[in-house]
Every structure is written in structure tokens, then in C-alpha cells.
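# Structural overview for review
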Amino acid sequence: MTAPVASPRGSLLLEHPFEGAVGRKVTYEAPANLALVKYWGMRNEELTLPCAPSISMTLSACVSTTTVEVHQRAGRDEVLLAGEDGRLERAGASFAAPVRRHLDRLRAGVGIDGASGGHFTVATRNSFPSRCGLASSASGFAALTLAAVASLGGETSFEELSLLARASGSGSAARSVLGGWVVWPSPPNAPNGPAKQLFPPEHWDLRDVIAVVEPGAKEISSLAGHRRARSSGLFAARLGALPSRRAAVERAIAARDLARLGALVETDAAELQAIALSSEPPIVYPTTGTLAVLRRVAGLRDSGVPVYWSLDAGANVHLLCEPHHERTVADAVATLPEVLRVLRDRVGHGPRRLEKHLF
Ligand code: PMV
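This text gives an overview of the structure that appears in the document. Quantities reported herein were computed from a predicted structural model and do not represent experimental measurements.

How each quantity is defined
- Residues numbered from 1 in each chain as written.
- Predicted model: local features only at pLDDT ≥ 70, side-chain atom pairs only at ≥ 80, totals over all residues.
- Heavy atoms only, no water.
- Helix = DSSP H or I, 4+ residues; strand = E, 2+ residues; numbered from the N terminus.
- Rg over C-alpha atoms; globule rule 2.2 N^0.38 Å.
- Buried < 20%, exposed > 50% of the residue type's maximum accessible area, 1.4 Å probe, protein only.
- Contact = heavy atoms within 4.5 Å.
- Areas by Shrake-Rupley, 256 points an atom, 1.4 Å probe, with all protein chains shown as cover.
- Lys, Arg positive; Asp, Glu negative; His and termini not counted.
- Charge placed at Lys NZ, Arg CZ, Asp CG, Glu CD.
- Expected span 1.5 Å × (residues − 1).
- Phe/Tyr/Trp six-rings, centres within 6.5 Å; stacked < 30°, edge-to-face > 60°.
- Near = heavy atom within 4 Å.
- Polar contact = N/O pair within 3.5 Å; in protein donor to acceptor, adjacent residues only side chain to side chain.
- Nonpolar A, V, L, I, M, F, W, Y, C, P; charged D, E, K, R; others polar.
- Salt bridge = Lys/Arg side-chain N within 4 Å of Asp/Glu carboxyl O.
- Core = buried A, V, L, I, M, F, W, Y, C linked by side-chain atoms within 4.5 Å.

Within the chain, the regular secondary structure consists of eight helices and 14 strands. Computed over its C-alpha atoms, the radius of gyration of the chain comes to 20 Å, within 12% of the 21 Å expected for a compact globule of 359 residues. Projected onto the principal axes, the alpha-carbon positions of the chain cover approximately 65 × 45 × 40 Å. Put simply, the chain has 359 residues, and 58% of those count as buried. In the chain, once contacts between residues fewer than 6 apart in sequence are set aside, the share between residues at least 24 apart is 76%. Of the roughly 15000 Å² of accessible surface on the chain, a fraction of 51% belongs to carbon and sulfur atoms. Of the side chains in the chain, 39 bear a positive and 35 a negative charge, and the two mean positions are spaced by 1 Å.

Given below as C-alpha cells:
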């Protein structure tokens, strides 16, 4: 049985679920986000509560688009995923199972017993490579949450949507319901809290050039990484360092100080990789392609281009720079034989509802 989703108001989320919702299609686009201070390690897995607060920038071009339609009949949720050619196909179990579990939670949260109806057809398309450490679970679960809640007729706050997205099990999805620069949880001493926008996207037009070196699905999920984090001897030291790092990252964003922010972001990403490498059993996310990109970044910095790297639970590399260096950075990594694709992204405005549906 799925536990009802807790809302900050402590009640069921929607008052008149389902009525009038049948047959209505709703589509949302939600962006991925790049954590500048990473979420790594959970204090409560059932509720997806992080060990420490994280800070992210919401992206703009890396998005998931999700259409949902709710049916009166009982049955299994139909989960479709767009392939590389854009055509919708039935999703495999590893994609569909967590989607169905999340829909169960959302249904339970609005008092719908899935056994007697309220099943969905869900279709998702990602604008970027999925399940390779580029936060497609954050964008995907944010889009699914927004579309499913809206399709059930819900009027709800961003705080509630953030908590509902978090309930998917992908904590970073809690940040993807908001645009700009985001902290989760808020306030930082309340692990149960939602994400909150620190600054709007207009505050700072920072660019994220993404060097794709491994487009295939990663072998070890971030959930496995979260679970193993505590087994690393480095994890306690990270938790001790995070409060001052988080404050310093907030100050660097406030001051639009890329040199300061970049140094902090690289330390944070390196720490996550060190913890993964020293977990039991170890997790090795970087590849030779990753290291080739990091060496190129060092070369660019030596030649006076301010660019800073970050890595998530995967091999692909995010490169932060100002708009006037974006082209130089993208061109410099594109010439590496290990780099299969370069994506150019920037701080974005957050999710939006679309009139055009995927089916
Ligand atoms: O939200 P999850 O469970 O996919 O974990 C996200 C983990 C990182 O991407 C590595 C860090 C983060 O804060 O996004």
C-alpha cells in the first residue's frame, strides 16, 4: 500500500479529485537542474529526506515533456516513452515501474483508490540523453507530478508540488518545479521542507555547456549511490563542511562571482565523486572521456577562460561559464574525440504547461 502524500497543510491535496478529470489531457514541460551543492545521502529513504540541503540552477534546454490522460476504468497505467526518433513506445519496466509507483502515491494523496479507476496513460519525451547522470529523473518526475496533479483538477502551491515531486523518490525533482536558483529543503534546518527559489533566473545569465561522453544509461543508479554514501569514511567530513559551503555558494550567486562559485562547485562535485569511489562497494562514475574534458577545462583556464566543471552521478560533464565564453568552451570540448555531443544550456524559468500534447 502506498502512503498518502503528506502536504504542508497536513491534509489531502485536492478536494474534488477525479470528477471531470476523465478524458482530459494535460501536458507539462519541466527542466532538469544542475546541483551546485549536491544532494548525496538520505536521512530517510521512505520520505526521500536528504542528509543535507542542496542548491541548484534550473536549466532551460534540457527538459522532459509529459502528457497524461486519466481514465475512468480500472487497470494498469500505460507508460509510454519517446524513442530517439520521437515515436512513442511502451516503456520498459525499469522506466515504467517508478512512474506507476509515483502515480499510486499521487492517487492515494487525492483519495483515489487505483483498484476502482483513475488510471493514466502517460507519455514522456526528453530533449536530452536520459538516465546518464544529466538529471532526467528530476525533470521527468517534476513534469509527471505537475501534469498528473493538474489533470486531477488540483490547484496547489509550488511548495506542495515540490513535496509531491520529492515523493517520487528522486529528491532532485523537488527542485525542478521552480525556475532560477533553488535551495532544497527550505528552511535548511527542516529536512521535510520543500524547495524554494533563492534568486529568479534573471538574476544571472550563467551558461552550462554539457559535454556528453557517455549517453547510455548508467549502471549504478543515484539511489544506490545515496544508500552507499554513509559507508564512505569521507561522508561525515562532507556533512561537517556543507553548512559553510552552502552559505558561501549562496553569497557567490548573490554577488554573481563565477570564480568563487566555480571553485566551490568543483570542490563539491569532486567530493561527491570521492565519496562514491570510497563507498562500499565503490562506485566509479567518471570515464576516460570525463577526465579528458576535465583536462581540457584546466587548459582553458590556463589560457584565461573562466570555466568550471561539475559532475553528477554519471560521466557527463557540466561546464559553467559566462555567456561570452560559451562558444569558446563548447568548441574546445567538441574537438575532443571522447565528446560525442555538446549541449548548450543556461539558467531557466522552470516548468510550463503546454497546449500541444504528445498523443
Ligand atoms: O534526485 P536523485 O535521487 O536522482 O539524486 C540526485 C543526485 C545528484 O544528481 C548527484 C545530486 C543532485 O543534487 O542533483
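Our next topic: helix H1 (residues 93-109). The first and last C-alpha atoms of H1 sit 24 Å apart over 17 residues, in line with the 24 Å expected at 1.5 Å per residue. Close packing links the buried residues of H1 with strand S5 (78-82), strand S7 (119-126), helix H2 (136-151) and helix H3 (158-166). Just beyond H1, the residue with positive phi is Gly111, at close to 80 degrees.

Moving on, we come to the packing of aromatic side chains. Applying the stated criterion across every chain, the model contains three aromatic pairs. Geometrically, the ring pair formed by Tyr39 and Trp184 is edge-to-face, given 5.0 Å between the ring centres and 90 degrees between the ring planes. A residue pair is termed long-range when its members are at least 10 positions apart, and Tyr39 in the loop between strand S1 (25-37) and strand S2 (42-44) and Trp184 in strand S8 (residues 181-184) qualify at 145 residues. Geometrically, the ring pair formed by Trp181 and Trp204 is stacked, given 5.5 Å between the ring centres and 20 degrees between the ring planes.

This part is about the site of the ligand. With respect to spatial proximity, 15 residues lie near the ligand, and among them Tyr39, Ser172, Arg175, Ser222 and His226 are the closest. One nitrogen or oxygen atom from the main chain of Tyr39 is found 2.9 Å from an oxygen atom belonging to the ligand. Ser170 has a polar side-chain atom sitting 3.3 Å from an oxygen atom of the ligand. Look at the ligand: alone it shows 380 Å² of surface, and the protein chains cover 93% of it. The residue inventory of the shell around the ligand, partitioned by class, reads five nonpolar, seven polar and three charged.

The subject of this paragraph is the environment of Arg256. Looking at the element boundaries, Arg256 is found in the loop between helix H5 (235-254) and helix H6 (258-277). Since its relative accessible area comes to 44%, Arg256 is described here as partly exposed. The spatial distance from the C-alpha of Arg256 to the C-alpha of His203 is 8.3 Å, given a sequence separation of 53 residues. If sequence neighbours within four positions are ignored, Arg256 has contacts with His203 and Trp204.

Where charged atoms from two side chains of opposite charge come close, those side chains can pair. Going through the model one piece at a time under the given rule, you end up with 16 salt bridges. When the shortest N-O distance is used, the salt bridge between Glu29 and Arg352 registers 3.0 Å. Here Arg352 lies in strand S14 (residues 352-354) and Glu29 lies in strand S1, a separation of 323 residues in the sequence. Here Glu29 falls in the buried class, since its relative accessible area comes to 14%. Given a relative accessible area of 48%, Arg352 falls into the partly exposed group. In this structure, the salt-bridge partner of Arg207 is Glu326, at a minimum N-O distance of 2.6 Å. Here Arg207, found in strand S10 (residues 207-212), pairs with Glu326, found in helix H8 (residues 326-334); they are 119 residues apart in sequence, far enough to count as distant. Per residue, the accessibility class of Arg207 equals that of Glu326, and both read buried. Residues participating in the shared-partner salt-bridge network are Asp205, Arg207, Glu326 and Arg344.

Bringing the nonpolar core into the picture now. Core analysis: the biggest nonpolar cluster contains 39 residues, and Val68, Leu103, Phe120 and Leu144 have the highest contact counts within it. Within the residue set of this core, elements represented by two or more residues are S1, strand S4 (54-71), H1, S7, H2, H3 and S8.

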